[in-house]
Amino acid sequence: MVKPNTHLASSAAATTSKGFLVIEDLVKAYPTPNGGETVVLDGINLSIGEDEYISVIGHSGCGKSTLLKIVGGLERSTSGAVWLEDREIRKPGADRMMVFQHYSLLPWLTVRENIRLAVDEVLSHLSSANKQQVVNEHLAMVNLTEAANKYPDEISGGMKQRVGIARALAIRPKVLLMDEPFGALDALTRGKLQRQVLDIWENHRQAVMMITHDVDEALFMSDRIIMMTNGPHAKIGEILEVPFPHPRKIEDVRGSKEFFALRNHALNFLDHHFSQD
Ligand code: ADP
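The text that follows walks through the structure, step by step, so that each part is easy to find.

**Some details on the packing of helix α3 (residues 111-122) against helix α5 (residues 157-170)**
Here is step 1: One way to put it is that α3 packs onto α5 with a least axis distance of 9 Å and a crossing angle of 25°. In terms of orientation, α3 and α5 fall into the roughly parallel class. The crossing of α3 and α5 is right-handed. For the pair α3 and α5, contact is made by V111, N114, I115, A118 and V119 and by V163, A166, R167 and A170, respectively.
Here is step 2: Residues that form the contact of α3 with α5 fall into these classes: seven nonpolar, one polar and one charged.

Laid out in structure tokens, this is it:
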């Protein structure tokens, strides 16, 4: 008689995955000057798929950037944890790249050199020719081939943000973390760059977590909108599923009845949580 293989059964249980990117019972408190503490985030639970685009929306000060920084490994949680492919995030890593509202380019390097620096650092195993190819591909992806030899102070805000996005994508992170990436841009440039980033994502899907204040932007770009309650003790108030299929056309999305219903729902949520302040 064959004995049941208890060893195999227990190792299968041990390898059960939590999910791709998992935020579990996360609490973040900051000390106050009088020796107390403010609990900014209070019990965040969220699971994000490997090719899912999510937005995080909520009023200023509710803890959106703090949450993103914890996922990026730039801040530690007070309790709870974040897991990426079952590994706990404790520090920054090349598997998670951040794009900030303010471009954070090195002003003494050209557009090409800013991207190359990141590629040299992270993709050090590639030959010089392959690194060059990665840089060229990503310059082309954000339409910056012509501006490759310019310095940051010779290009517009929208172009700088495209360099930041190309730099983040060039090292092929598993998760792209964007903190109001279009927030500093004028409306026309913002619309163009949203379209460009969505095109890139639709062609090279990956996990994206994007903070925004803009309900339309969240509806146009993401698959789910994580709506935060006001802080302190901010939580996820509601998660809005965005049903528009990809590839998306902004005109079709904006023209649909569903868009207006979802938009009103999100705005009402934000109004309601604002009035509780
Ligand atoms: P949001 O991105 O939603 O505007 P933040 O995550 O930047 O919010 O900040 C959430 C709260 O945490 C704010 O009240 C802010 O003042 C506080 N906070 C953020 N960083 C720190 C810090 N390093 N020390 C103390 N308080 C902080």
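**Description of the site of the ligand**
Here is step 1: Around the ligand, a shell composed of Y30, V40, H59, S60, G61, C62, G63, K64, S65 and T66 is seen.
Here is step 2: Backbone polar atom of C62 to an oxygen atom of the ligand: 3.2 Å apart, as the coordinates give it.
Here is step 3: Expressed as a share of its isolated accessible area of 560 Å², the protein-covered part of the ligand is 56%.
Here is step 4: Among the elements that take part in the shell around the ligand, helix α2 (residues 64-72) stands out by supplying three residues, more than any other.
Here is step 5: Looking at the shell around the ligand residue by residue, the class counts come to three nonpolar, six polar and one charged.

**Focus: the environment of L219**
Here is step 1: Residue placement: L219 occurs in helix α7 (residues 215-221).
Here is step 2: Distance from L219 to E202, taken between C-alpha atoms, is 15 Å for residues 17 residues apart in sequence.
Here is step 3: Residues contacting L219, with those up to four places away along its chain left out, are I225, V242, F244, R248, F259, L262 and R263.

**So, unusual backbone geometry**
Here is step 1: At the junction of G231 and P232, the peptide bond is cis and its omega measures out at -10° in the coordinates.
Here is step 2: Relative to the helices and strands, P232 is located in the loop between β9 (224-228) and β10 (236-241).
Here is step 3: Cis geometry marks the peptide bond from H246 to P247; its omega dihedral reads -5°.
Here is step 4: Summarising the element assignment, P247 is placed in the loop between β10 and α8 (250-255).

**Focus: the nonpolar core**
Here is step 1: Among the nonpolar cores identified, the biggest contains 40 residues, and Y53, I115, M178, V197 and M221 are the most heavily contacted of them.
Here is step 2: Mapped onto this core, the elements with two or more residues apiece are β6 (96-99), α3, α4 (128-141), α5, β7 (175-179), α6 (187-203), β8 (207-211) and α7.
Here is step 3: Broken down by element, the residue count for this core peaks at six residues, all from α5.
Here is step 4: Excluding anything up to four places from it in sequence, M178 contacts Y53, L68, V99, V197, V208, M209, M210 and I211.

**Some details on α4**
Here is step 1: Across its 14 residues, α4 extends 20 Å between first and last C-alpha, which sits within 8% of the 20 Å expected from 1.5 Å per residue.
Here is step 2: Within α4, the full set of buried residues consists of K131, V134, V135, H138 and L139. End-on view of α4: buried residues confined to an arc of 130°, all on one side of the axis.
Here is step 3: Looking at the buried side of α4, the elements it contacts are α3 and α5.
Here is step 4: A positive backbone phi angle near 55° is found at N143, which sits one or two residues after α4.

**Observations concerning the sheet that holds strand β2 (residues 37-48)**
Here is step 1: Taken together, the four strands give an open sheet; going across it, the order is β2-β1-β4-β5, and neighbouring strands pair in antiparallel fashion. With one partner strand each, in any of the chains shown, β2 and β5 (87-88) form the two edges of the open sheet.
Here is step 2: Relative to β2, strand β1 (residues 21-31) is paired through nine bridges, and the arrangement is antiparallel. Within the sheet, the bridge partner assigned to V27 lies in β2 and is D42.
Here is step 3: Sitting on the sheet, α2 is in contact with β1, β2 and β4 (79-84), with an inclination near 120° to β1.

About the cut-offs
- Residues numbered from 1 in each chain as written.
- Predicted model: local features only at pLDDT ≥ 70, side-chain atom pairs only at ≥ 80, totals over all residues.
- Heavy atoms only, no water.
- Axes fitted to C-alpha atoms, helices over the stretch in contact; angles between N-to-C directions.
- Helix = DSSP H or I, 4+ residues; strand = E, 2+ residues; numbered from the N terminus.
- Parallel < 35°, antiparallel > 145°, perpendicular 65-115°, else oblique.
- Left-handed = near helix turned anticlockwise from the far one by under 90°.
- Contact = heavy atoms within 4.5 Å.
- Nonpolar A, V, L, I, M, F, W, Y, C, P; charged D, E, K, R; others polar.
- Near = heavy atom within 4 Å.
- Polar contact = N/O pair within 3.5 Å; in protein donor to acceptor, adjacent residues only side chain to side chain.
- Areas by Shrake-Rupley, 256 points an atom, 1.4 Å probe, with all protein chains shown as cover.
- Core = buried A, V, L, I, M, F, W, Y, C linked by side-chain atoms within 4.5 Å.
- Buried < 20%, exposed > 50% of the residue type's maximum accessible area, 1.4 Å probe, protein only.
- Expected span 1.5 Å × (residues − 1).
- Arc of directions from axis to C-beta.
- Pairing = 2+ DSSP bridges.

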